[in-house]
Amino acid sequence: MSMKKESPWDVELHLTAARGDAKRLQVLLDSGRVHVDCKDKDGTTPLILAAAGGHIEAVTELLQQGADPNAKRLTGTTSLFFAAQGGYVDIVSILIEHGATVDSCSIDGGTPLFVACQCGHFDVVECLIDRGANVNAHMKDGATALFIAAQNGHMRILELLLSHGTKIDASRTDGATPLWIAAQMGHDHVVRRLLKAGAKVDATRHDGATPLFKAAHKGHTAVIGELLKYRPSLGILPNGESALHATALTGHMTVARQLVGAGADPLLINQEGLTPLQLAVRHSQTQIVNYFKDKVRTRTASR
């Protein structure tokens, strides 16, 4: 039977799978008029639809009728990918038991583990790892499951990945590490855990920005508090700026106090020849200007 062109029977089978009507699926498939793995224009099969909808009885019926658990859409995604995305751990288990490839990749390199980490489905992540999912696999942009968990602030998943030997400083192609992305997103609890596990505090993205620089730019005071415990660089970074320059630009007063209190210099000169004080003046950050001037006067008077 050809599966190249959709027929009315194909359409009905797809709609029935999407509804999760296992009994109607059986009737349609037993008729012999439609193939269990018929695809629509996007390469979607009935099994993919049933798995995406969390319809366990429909998934079971389709598998019993010979559906291919590794059939892929044009994007490279499988029924296991969509079950993981939806958090349907029972369907994930059934698909793997019927031969679904645990680390099957989409065209961007994403696996079921990645999407489960992204969506925060702890039980699914645990199931996939128990079934052999590679915790150090990475997408085409270099992001690992740990990176995605850190980016989304999913602490339990992060702990699980760490306990299974994930590489803590594995970076994306742009150089960003899990710690870097957690700092950017303001997830201080994740930052704290990654630092405790040995993450490099000054891991630098290719543009020269460190976790501290990014947290200062965003105004994430709790993140900065965690980073400062590990003595990050307060000087000029590879991007030609310091974290205090970023603060002077954006006007985060609390961050300015944190950084100066840790030893950052309001008179440190960046690649453009400007100090944080001058930068604050240029951008009319009056409160920070007054604070910096006070600190400079105090420092001068104490000499």
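Residues numbered from 1 in each chain as written. Predicted model: local features only at pLDDT ≥ 70, side-chain atom pairs only at ≥ 80, totals over all residues. Heavy atoms only, no water.

1. Some points on the environment of I157
Here I157 shows up in helix α10 (residues 155-163). Taking the C-alpha atoms as reference points, I157 and V124, separated by 33 residues in sequence, lie 10.0 Å from one another. Filtering out sequence-adjacent residues up to four positions away, I157 remains in contact with A116, C117, G120, H121, F122, V125 and A149. (Helix = DSSP H or I, 4+ residues; strand = E, 2+ residues; numbered from the N terminus. Contact = heavy atoms within 4.5 Å.)

2. What to know about the pattern of salt bridges
As enumerated under the stated definition, the model contains 10 salt bridges in all. Of the charged contacts in the structure, one is a salt bridge between E97 and R131, with a shortest N-O distance of 3.8 Å. You can see E97 sitting in helix α6 (residues 89-97) and its partner R131 sitting in the loop between α8 (122-130) and α9 (145-152), a full 34 residues away along the chain. The exposure class of R131 is partly exposed, given its relative accessible area of 35%. The partner of E226 in a salt bridge is R192, with the nearest N and O atoms 3.1 Å apart. Of this pair, E226 sits in helix α14 (residues 221-228) while R192 sits in helix α12 (residues 188-196); the two residues are 34 residues apart in sequence, bridging distant segments of the chain. Overall, the relative accessible area of 9% leaves E226 in the buried class. (Salt bridge = Lys/Arg side-chain N within 4 Å of Asp/Glu carboxyl O. Buried < 20%, exposed > 50% of the residue type's maximum accessible area, 1.4 Å probe, protein only.)

3. Overview of the side chain of T177
Positionally, T177 belongs in the loop between α10 and α11 (178-185). For T177, a relative accessible area of 4% gives the class buried. Once residues lying within four places of it in the same chain are set aside, the contact partners of T177 are F147, D169, A170, S171 and A203.

4. Some remarks on the side chain of T77
Looking at where T77 falls in the secondary structure, it is placed in the loop between α4 (56-64) and α5 (79-86). Ignoring any residue separated from it by four or fewer positions in sequence, one finds T77 in contact with I48, A71, K72, F82 and S106.

5. Concerning the packing of aromatic side chains
A ring pair, where both rings are aromatic, is described by two values, the distance of the centres and the angle of the planes. Counted by the stated rule, this structure contains two aromatic pairs. Here the aromatic rings of F81 and F82 are separated by 5.6 Å at their centres, their planes lie at 75°, and the arrangement is edge-to-face. Judged by its relative accessible area of 13%, F81 falls in the buried class. Residue F82 is classed as buried on the basis of its relative accessible area, which comes to 17%. Ring centres of Y291 and F292 lie 6.1 Å apart, and the angle between their planes is 45°; on these two criteria the pair is classed as tilted. (Phe/Tyr/Trp six-rings, centres within 6.5 Å; stacked < 30°, edge-to-face > 60°.)

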